[in-house]
Amino acid sequence: MGIEFMDNSTQVKAALSEGVRAYLYESGGELQAQTMRNSRVDTGQTRGSYQYKVAEGSDESTVHVGSNLQNAIWEEFGTGEYALHGDGRKGGWFYKDARGRGHFTKGKRPNRPLYNAFNSLREKLKRRLGEIIMSRLR
């Protein structure tokens, strides 16, 4: 009685790769949507600027979620006396907004839309990765 070895490693690697790719797109979309829901709205410009991008590599693939607007950094980490790490400008300052109105402020409190989106979805995204990978391997 002989034993026959079947090498399915190529198919398994392809299925894993396909599953990871699908997961990165799905999780990027979920994180983007939750970040947008978490964002404060004045004009809606920052909320609408969040995007995600999947970077596929031969050894590693990643998804990046973020915004190219400077205000997104201020929303995430705060400014002035309210800066997240306490390293903001102290004493306040005067500025004019886009509508030309003058304001005195001591800074902007951090809202953390991206951080909070990730934390609220973390367990769901972990479970979803397992589901996607298992469905590809069946």
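What you see is a predicted model, and the numbers here were worked out from it, not measured in a lab.

1. Considerations on the layout of surface pockets
Argument step 1. Each pocket or cavity is described by its volume, and for the largest pocket that value is around 870 Å³.
Argument step 2. In this structure, the largest pocket is lined by 25 residues; those nearest its centre are Asp42, Asn71, Trp74, Tyr95 and Lys108.
Argument step 3. Listed by contribution, the elements that provide at least two residues to the lining of the largest pocket are helix H2 (45-49), helix H3 (70-77), strand S3 (93-96) and strand S4 (102-105).
Argument step 4. Counting residues per element, the lining of the largest pocket draws most heavily on H3, at 4 residues.
Argument step 5. Of the pockets and cavities examined, the second largest pocket occupies roughly 180 Å³.
Argument step 6. Considering the residues around the second largest pocket, the lining is formed by Ser17, Val20, Arg21, Leu24, Glu56, Gly57, Ser58, Asp59, Glu60 and Ser61.
Argument step 7. Each residue belonging to the lining of the second largest pocket can be placed in one class, and the counts come to 2 nonpolar, 4 polar and 4 charged.

2. Structural notes on a nonpolar patch on the surface
Argument step 1. A grouping of Val12, Leu16, Met134 and Leu137 is seen on the molecular surface, where their side chains present a nonpolar patch of about 310 Å² in accessible area.
Argument step 2. Take Met134: it is sitting in helix H4 (residues 113-137).

3. Brief notes about the nonpolar core
Argument step 1. Counting 8 residues, the largest nonpolar core consists of Tyr23, Leu24, Leu31, Val54, Val65, Leu121, Leu125 and Ile132.
Argument step 2. Every element with two or more residues in this core is listed here: helix H1 (9-38) and H4.
Argument step 3. Contact partners of Leu24, with chain neighbours within four places excluded, come to Val54, Ser61, Thr62 and Val63.

4. Let's talk about the packing of aromatic side chains
Argument step 1. Following the criterion strictly, the structure yields 1 aromatic pair and no others.
Argument step 2. Here Tyr25 and Tyr52 contribute two aromatic rings whose centre-to-centre distance is 6.5 Å and whose plane-to-plane angle is 75 degrees, an arrangement assigned as edge-to-face. One end of the pair, Tyr25, is in helix H1; the other, Tyr52, is in strand S1 (residues 51-55), with 27 residues separating them in the sequence.
Argument step 3. Given the relative accessible area of 32%, Tyr25 is considered partly exposed.
Argument step 4. For the cation-ring pair, Arg112 lies above Tyr115, with the distance from its terminal atom to the ring centre recorded as 4.2 Å.

5. Looking at the pairing of S4
Argument step 1. Relative to S4, S3 runs antiparallel, the two sharing 4 bridges. Residue pairing in the sheet places Trp93 in a bridge with Thr105 of S4.
Argument step 2. Between the end of S3 and the start of S4, which pair antiparallel, lie 5 residues, with Gly100 showing a positive phi angle near 90 degrees.

Definitions and cut-offs
- Residues numbered from 1 in each chain as written.
- Predicted model: local features only at pLDDT ≥ 70, side-chain atom pairs only at ≥ 80, totals over all residues.
- Heavy atoms only, no water.
- 1 Å grid on protein atoms, 1.4 Å probe; cavity = no way out; pocket = protein on both sides within 12 Å on 5 of 7 lines; lining within 4 Å.
- Points joined across faces, edges and corners; volume = space filled by probe spheres on them.
- Helix = DSSP H or I, 4+ residues; strand = E, 2+ residues; numbered from the N terminus.
- Nonpolar A, V, L, I, M, F, W, Y, C, P; charged D, E, K, R; others polar.
- Patch = residues over 30% accessible without salt bridge, like charges linked within 9 Å, V, L, I, M, F, W, Y side chains within 5 Å.
- Areas by Shrake-Rupley, 256 points an atom, 1.4 Å probe, with all protein chains shown as cover.
- Salt bridge = Lys/Arg side-chain N within 4 Å of Asp/Glu carboxyl O.
- Core = buried A, V, L, I, M, F, W, Y, C linked by side-chain atoms within 4.5 Å.
- Buried < 20%, exposed > 50% of the residue type's maximum accessible area, 1.4 Å probe, protein only.
- Contact = heavy atoms within 4.5 Å.
- Phe/Tyr/Trp six-rings, centres within 6.5 Å; stacked < 30°, edge-to-face > 60°.
- Lys NZ or Arg CZ within 6 Å of the ring centre and 35° of its normal.
- Pairing = 2+ DSSP bridges.

In short, shape yes, function no, at least from these values alone.
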